[in-house]
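Here is what each chain is made of, one letter per residue.
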Amino acid sequence: MRARHGPLTTGQANMVRCMLTDPPEHMNYRVVRALQPGTTLAAITKAVIGLVTRHESLRTTFHDGLQRVLAEGGVTVEVHETGDPSAGVDADGDRAGAPVSEKDTGSGRSGGSEGAENGGAHGTAGAEGGGPARIRAETPDADLAEEVARRLHGTRFAPAEEIPLRIAVITSGGVLRQVVLVTTHSATDAAGLAVLLTEWDELLLGKPLAPVTAPQPLDVAAAERTPAGLRRAEVALRYWEGHLREVPRSTLTVAVDGETDWLLPRLRVRSVPAAGALGRISARTGASPSAAVLAALAALAGVRARLRTVVVLSISANRFRPELREYVGPLAQDALIPVEIGEDGFDAVLRGARSATMAAYRNSRFDSDALIRVMEDVQRERGLFFARDLVFNDMSVPGRGARVGRTGQDVHSVWLPPATLPTRASLWVHRLHGELDVTLWADPRCLPRDDARALGEGIARLLIEAGDRDVPLTELTALTGVVPVSRDEGWLLVDGCWIHLPEVERLVRDALARTAGGDAAARLAETVVTAEADGRFGHRLVCFTSARTTPEALHSACLSLLPGRMSALTPHRYVVCATAPPPGVAWRDLPRIAEGSGR
């Protein structure tokens, strides 16, 4: 191994930023696997050394825009014993440890040091060996592996100080039973994790691995900075900016605001007939099974929202080039897919989704810092906060079928325990062949359980029907039970987005209260928001206020309060008057101190 350093890839930069702000449960991966009988700590150590030696991303730290690949160091392997307290050493006398230093990679030897006083027993391996690993006896507990996994998974990685790999072994009476592996998004994405796990299994079996042919992250960073790489990123930014200026801010728009802990109910939906129908849909339309599921999600979300354009953010693996397919590093990023929901049948939606998906995936590698600046500019201009509220994540393995015993025309669903995910709704695709197997995560404030079940099961029911014919969109409610959201007269379509006029007025009042500070007169100022017919936006929102402010200050204050408020946009125009109107006088007839868009 050799030490290297250089700039971050765009994927690394995005993930390191998120690691520092998002809950660790959202950013870390955890895997719990049973171990084959006879597995030793020596085998575990050798497998860890193999992975860390092969993949620079597993021994990389991050420092102010720079990544450093370590040539030596240590990996801690925790050992948790559920039974005999003396069983800290396996039958071969090996202790826990996985050194990462270059001088140790060939020998496979392991050192150890005293276990931490405050947290379960573990051995620590490194270039400088210490005494034997101390093993603390644990109460027998079938859930110990899950308990250890939750702790390691729920602890934030320190990107400047800690390599992105944590390992624990569960033993019983000295026999290795399970291994817990935890890494994070700065090291890899889901596709890279699959590569790691495949290699882990091979290494534990003692099988030799082919040499690594995929680039390392520093190589990818260099490629991104070539003229061709920079042009590709610039094109992607223009793609995003063009759509962000036009698409609805959200799809699942309801009158809720505020923070959520993102602990979401999950509905798992499975259907053998739907998988069979996907094959017939592909044969008839030329669209892939994945595109068909995405189109079904968009069509039903459009029915519920009564929107003609539905934005789906699909997780793109960005591994289109052969040399990147085995890459271990973060490449996956959002692809913004606007799906048009017209008045024809489902086949038209599917054709549009197929075309939009191809364009979106071509433009799903970008500088996230630059995209954030683009989004901030667009949000200030349009007066909205773009919501990542409908996400599609196809994790299926092409060609992998399911072994199922169910037959017939049934669609099966079951609620899974809630889990955390920062989105309003997300459809995860597990299988497309042999059986459709998906999980719908749904924020109950946007999709109550009955509505979530109708949407999740409805996707399967729509696909089953579409396997035999082009389903008219007018039939979707009767076929699936997905009904449009009920909206009173306070709801309006503005700039392609559903807004609730009372929520816009509340936004402005909250913004004035924030800017007023100790000014009692400002806090008592009267404010109204009106909606005027407009050829461009459908309705133009105009704010009238007697508060002592400026359009620019009020617009900035409104923007700062928009995140989390799903049904509000900022007004398009602000009018500051000297006083509120007396009875019988309209705001528009008053003298004006200042007016403007605030943009």
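Criteria and thresholds
- Residues numbered from 1 in each chain as written.
- Predicted model: local features only at pLDDT ≥ 70, side-chain atom pairs only at ≥ 80, totals over all residues.
- Heavy atoms only, no water.
- Helix = DSSP H or I, 4+ residues; strand = E, 2+ residues; numbered from the N terminus.
- Buried < 20%, exposed > 50% of the residue type's maximum accessible area, 1.4 Å probe, protein only.
- Contact = heavy atoms within 4.5 Å.
- Areas by Shrake-Rupley, 256 points an atom, 1.4 Å probe, with all protein chains shown as cover.
- Axes fitted to C-alpha atoms, helices over the stretch in contact; angles between N-to-C directions.
- Parallel < 35°, antiparallel > 145°, perpendicular 65-115°, else oblique.
- Nonpolar A, V, L, I, M, F, W, Y, C, P; charged D, E, K, R; others polar.
- Core = buried A, V, L, I, M, F, W, Y, C linked by side-chain atoms within 4.5 Å.
- Salt bridge = Lys/Arg side-chain N within 4 Å of Asp/Glu carboxyl O.
- Expected span 1.5 Å × (residues − 1).
- Bend = angle between axes of the 7 residues up to and from the residue.
- Pairing = 2+ DSSP bridges.
- Phe/Tyr/Trp six-rings, centres within 6.5 Å; stacked < 30°, edge-to-face > 60°.
- Lys NZ or Arg CZ within 6 Å of the ring centre and 35° of its normal.
- Arc of directions from axis to C-beta.
- pLDDT = per-residue confidence, 0-100.

Peer 1: Explain the overall build of the protein chain here, please?
Peer 2: Secondary structure summary: the protein chain contains 16 helices and 22 strands in total. Going through the 599 residues of the protein chain one by one, you find that 53% of them count as buried. Of the contacts made within the protein chain by residues no fewer than 6 positions apart, 76% connect residues no fewer than 24 positions apart. Accessible surface, the protein chain: about 25700 Å² in total, of which carbon and sulfur atoms supply 53%.

Peer 1: Is there a simple way to explain the packing of helix H1 (residues 10-21) against helix H11 (residues 368-382) in this structure?
Peer 2: For the pair H1 and H11, the least separation of the axes is 8 Å and the interaxial angle reads 65°. Considering their axes alone, H1 and H11 lie roughly perpendicular with respect to each other. Facing Thr10, Asn14 and Arg17 of H1, the residues of H11 in contact are Ser368, Asp369 and Ile372. Grouping the amino acids of the contact of H1 with H11 by side-chain chemistry returns one nonpolar, three polar and two charged.

Peer 1: What am I meant to see in the nonpolar core here?
Peer 2: Nonpolar side chains in soluble globular proteins tend to end up buried together. By size, the foremost hydrophobic cluster in this structure holds 78 residues, and its most contacted members are Val293, Val339, Phe346, Leu436 and Leu463. A total of twelve residues in this core trace back to one element, the largest contributor, which is helix H9 (residues 289-305). Discounting residues that sit within four places of it in the chain, Val293 has contacts with Leu278, Phe392, Leu427, Val429, Leu432, Leu436, Ile459 and Leu463. The next biggest cluster of nonpolar side chains, apart from the first, holds 27 residues, and it includes Ile44, Leu58, Val75 and Val77.

Peer 1: Just to check I follow, could you spell out the pattern of salt bridges for this structure?
Peer 2: Should their charged atoms come close, side chains of opposite charge can pair. Evaluation of the coordinates by the stated rule reveals 37 salt bridges. Note that Glu241 and Arg245 form a salt bridge whose closest N and O atoms lie 2.9 Å from each other. On the basis of relative accessibility, which here comes to 27%, the residue Glu241 falls in the partly exposed class. Each member of the salt-bridge network shares a partner with another, and the members are Arg268, Arg270, Arg431, Glu435 and Asp437.

Peer 1: Could you clarify how one ought to interpret the side chain of Ser282 in this entry?
Peer 2: Locating Ser282 in the fold gives a position in helix H8 (residues 272-285). Beyond its immediate stretch of four places on either side in the chain, Ser282 contacts Ala287, Ser288 and Pro289.

Peer 1: Looking at this structure, how should I read unusual backbone geometry?
Peer 2: When glycine is set aside, most residues are seen to have a negative phi, and most peptide bonds are trans. Phi angles above zero are rare outside glycine, and Arg306 is one such case at about 55°. Among the secondary structure elements, Arg306 is positioned in the loop between H9 and strand E11 (309-316).

Peer 1: Would you mind going over helix H12 (residues 449-466) with me for this structure?
Peer 2: Because an α-helix completes one turn every 3.6 residues, residues spaced three or four positions apart along the sequence face the same direction. Helix length check: H12 (18 residues) gives 25 Å between terminal C-alpha atoms against 26 Å at 1.5 Å per residue, within 8%. Of all the bends in H12, the greatest, near 30°, is centred on Gly458. Every buried residue belonging to H12 is among Ala452, Ala454, Leu455, Gly456, Glu457, Gly458, Ile459, Ala460, Leu462, Leu463, Ile464 and Ala466, and all of these are buried.

Peer 1: Looking at this structure, how should I read the packing of H8 against helix H10 (residues 346-362)?
Peer 2: Helix packing for two helices is described by the angle between their axes and how far apart those axes are. Interhelical geometry of H8 versus H10 gives an angle of 75° and a closest axis separation of 12 Å. As the angle between them shows, H8 and H10 are arranged roughly perpendicular. Note on element contacts: H10 touches H8 through Asp347, Leu350 and Arg354, opposite Ile281, Arg284 and Thr285. In terms of residue class, the contact of H8 with H10 is built from two nonpolar, one polar and three charged.

Peer 1: Looking at this structure, I do not really get the sheet that holds strand E16 (residues 436-442). What am I missing?
Peer 2: What holds strands together in a sheet is hydrogen bonding between their backbones, with the strands either parallel or antiparallel. Strand order in this open sheet of seven strands is E12-E11-E13-E15-E16-E10-E14, and the pairing throughout is mixed. A single partner strand is all that each edge strand has here, and the edge strands are strand E12 (333-340) and strand E14 (412-420). Each neighbouring strand pair of the sheet contributes to a mean axis angle of 25°, computed without reference to strand direction. As paired elements, strand E10 (residues 263-271) and E14 share seven bridges and run antiparallel to each other. In the strand pairing of E14, Leu263 is matched with Thr420. In the packing of helix H7 (residues 227-244) onto the sheet, contacts are made with E11 and E12, and the angle to E12 comes to roughly 40°.

Peer 1: What is the right way to look at the environment of Glu376 in this model?
Peer 2: Among the structural elements, Glu376 can be located in helix H11. Judged by relative accessible area, Glu376 falls into the partly exposed class, the value being 47%. For the pair Glu376 and Phe386, spaced ten residues apart in sequence, the C-alpha separation works out to 9.5 Å.

Peer 1: Sorry if this is basic, but what is going on with the pairing of E11 here?
Peer 2: Regular strands place side chains that alternate from one sheet face to the opposite one. In terms of residue burial, E11 counts as a mostly covered element, since seven of its eight residues are buried. Note: E11 against E12, eight bridges, orientation antiparallel. Within the sheet, the bridge partner assigned to Val311 lies in E12 and is Pro338. Sheet topology note: the E11/strand E13 (residues 391-394) ladder contains two bridges and is parallel. For Leu313, the partnering residue across the bridge sits in E13 and is Val391.

Peer 1: Where do I start with the packing of aromatic side chains in this structure?
Peer 2: According to the stated counting rule, one finds three aromatic pairs in the structure shown. The aromatic ring of Trp441 is capped on one face by Arg266, whose charged end is 5.3 Å from the ring centroid. Sitting above the plane of the Trp415 ring, Arg449 keeps its charged end 4.5 Å from the centroid.

Peer 1: Looking at this structure, I do not really get helix H4 (residues 144-153). What am I missing?
Peer 2: Considered for burial, the residues of H4 that qualify are Leu144, Ala145, Val148, Ala149, Leu152 and His153. In an axial view of H4, the angular spread of the buried residues amounts to 160°, which keeps them on one side of the axis. The inward-facing, buried residues of H4 abut helix H2 (24-27), strand E2 (28-34), strand E5 (74-81), strand E8 (166-172) and strand E9 (175-184).

Peer 1: Sorry, what's going on with the sheet that holds strand E3 (residues 60-63) here?
Peer 2: Here we have three strands laid out as an open sheet, ordered E1-E4-E3, and antiparallel in their pairing. Here the strands that pair on one side only, and so sit at the sheet edges, are strand E1 (4-7) and E3. Strand-to-strand twist in this sheet, taken as the mean axis angle between neighbours without regard to direction, amounts to 20°. Here E1 pairs with strand E4 (residues 66-69) via four bridges, running antiparallel. Opposite Arg4, over in E4, you have Val69 as the bridge partner. Of the strands in this sheet, E1 and E4 touch helix H6 (residues 217-224), which is tilted by about 30° from E1.

Peer 1: Hey, could you run me through the confidence of the model for the protein chain in this one?
Peer 2: Low pLDDT marks regions whose predicted coordinates should not be analysed in detail. Across the protein chain, the average pLDDT comes to 87, with 86% of residues at or above 70. Confidence drops under a pLDDT of 50 for residues 84-142, and excluding neighbours within four residues, the segment shows 137 contacts in the predicted structure.

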